[in-house]
Amino acid sequence: MGRPVFSKKNLETCTYEFNWATYLACKEDREAMKEVNGVLIDYKSSRKIYFGNQTQGRTFRVEETRGTENFYYDISFDGKLYPDDENEGSDTCKNAAVCQRKKGDSSYYKNLGSATKKRFYMDADYMDLEITSPEKCHSNPSKNIVSVFEFFCTHLASQENPTFVYESNECVFLFYWHSKLACPHYNNSDQSPKKQVSVASSNYHILIIVTSVTFSIIIIAVLLKILMKPEQKQIMKENIKNIFTRNRTVKARYINVPQIDDGDDEGLLVMEDEHNITYHDDSDEDMIL
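The following refers to the structure shown. Note that the structure is predicted; figures quoted are calculated from it, not measured. (Residues numbered from 1 in each chain as written. Predicted model: local features only at pLDDT ≥ 70, side-chain atom pairs only at ≥ 80, totals over all residues. Heavy atoms only, no water.)

### Focus on the overall build of the protein
In terms of regular secondary structure, the protein is built from three helices and 18 strands. Buried residues in the protein amount to 28% of all 289 residues. Sequence-distant contacts, at least 24 apart, represent 39% of the contacts inside the protein between residues at least 6 apart. (Helix = DSSP H or I, 4+ residues; strand = E, 2+ residues; numbered from the N terminus. Buried < 20%, exposed > 50% of the residue type's maximum accessible area, 1.4 Å probe, protein only. Contact = heavy atoms within 4.5 Å.)

### A short note on the layout of surface pockets
Looking at the second largest pocket, its volume works out to about 200 Å³. Every residue lining the second largest pocket is counted, 14 residues in all, and those nearest its centre are Glu31, Met33, Asp42, Lys44 and Met122. Going through the elements one at a time, strand S4 (39-42) and strand S10 (118-122) are the ones with two or more residues in the lining of the second largest pocket. Grouping the amino acids of the lining of the second largest pocket by side-chain chemistry returns seven nonpolar, no polar and seven charged. (1 Å grid on protein atoms, 1.4 Å probe; cavity = no way out; pocket = protein on both sides within 12 Å on 5 of 7 lines; lining within 4 Å. Points joined across faces, edges and corners; volume = space filled by probe spheres on them. Nonpolar A, V, L, I, M, F, W, Y, C, P; charged D, E, K, R; others polar.)

### Re the sheet that holds S10
The strands making up a sheet are joined through hydrogen bonds of the backbone, oriented either antiparallel or parallel. In space, the five strands of this open sheet follow the order S10-S11-S12-S14-S13, with mixed pairing throughout. Each of the sheet's edge strands pairs with one partner strand only, and the pair in question is S10 and strand S13 (163-167). Strand-to-strand twist across the sheet, computed as the mean angle between neighbouring axes with direction ignored, equals 20 degrees. Bridge count for strand S12 (residues 144-153) against strand S14 (residues 172-179) is eight bridges, and the pairing is parallel. (Pairing = 2+ DSSP bridges. Axes fitted to C-alpha atoms, helices over the stretch in contact; angles between N-to-C directions.)

### A short note on a nonpolar patch on the surface
The grouping of Phe6, Leu11, Tyr16 and Phe18 at the surface amounts to a nonpolar patch, some 480 Å² of accessible area in total. With respect to the element layout, Leu11 can be found in the loop between strand S1 (5-10) and strand S2 (15-19). (Patch = residues over 30% accessible without salt bridge, like charges linked within 9 Å, V, L, I, M, F, W, Y side chains within 5 Å. Areas by Shrake-Rupley, 256 points an atom, 1.4 Å probe, with all protein chains shown as cover. Salt bridge = Lys/Arg side-chain N within 4 Å of Asp/Glu carboxyl O.)

### Quick notes on the state of the cysteines
Overall, the coordinates contain three disulfides when judged by the stated rule. Here Cys93 connects covalently by a disulfide to Cys99, the sulfurs 1.9 Å from one another. Because the torsion about its S-S bond is 75 degrees, the bridge between Cys93 and Cys99 counts as right-handed. For the residue pair Cys93 and Cys99, the accessibility class agrees, reading buried in each case. Cys137 shares a disulfide with Cys171; S-S distance 2.0 Å. Note on the Cys137 and Cys171 pair: the S-S dihedral is about 70 degrees, so by sign convention the disulfide is right-handed. (Disulfide = S-S within 2.5 Å.)

### Quick word on the sheet that holds strand S9 (residues 105-114)
Reading across from one edge, S6-S7-S8-S9 is the order of the four strands in this open sheet, with antiparallel pairing throughout. Edge positions in the sheet fall to strand S6 (60-66) and S9, since each of these pairs with one other strand and no more. With strand direction ignored, the average angle separating the axes of adjacent strands in the sheet is 25 degrees. The sheet contact formed by strand S8 (residues 96-102) and S9 spans six bridges and is antiparallel. Pairing of Cys99 across the sheet is with Asn111, part of S9.

This is how it looks when you write it as structure tokens:
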């Protein structure tokens, strides 16, 4: 990537200049979309944009205020702006896709892009339209004037006309346009992203079902193999019985019971559970010495 290197400074304008040699500034080679009968085709994603069908025969206008001057831009992507026959300067915009006019100056015409020099590019989030003019840039005569439209697909807030953004020092006129004009359509033979997500979700659920059935079969097979052996079968029965049989709780109490015959007290061990009560006295014959 390299790194920036300080070049010079201007204290009067408070300007500091750096040079940075890096591949990030290199122009990226992009493949333009094909236009067939007004339909733009992006072969990489199998998307189609019916741009020409929606813009054919239509003229759009954008206004701009620059200081004390007011400009407006007439836009016709098929190059039919119908120049004013009474003004010789209007011939400048003949066959132009974008023509710049100045309010209050009927002779001011500037061709900002020819209808025959359009190139469409599809990016991840927007579509680029670059229109090259036959006129040279006033600040850099080695370059031609270029109009760039960046289209953002939207159905809810579609704009009737684009928005002018700025004019660069290299005579690039940039416009933004949030419009349904750039919304893609998919071939019937191709799956749209929503269909692809649906298919992936369906395959995922099928995988879960197959896995669950497989594990169930394995568990049943293991249980059957265990139950085939008598000793294992008996152990299994005992375990199940212990799980579902309620344990009996036995309580022991030792109490003194008075004897009627000799008046002595005799110890008595009382065993209690929830079903019956048993007694055991501590007579001499039962004692262990």
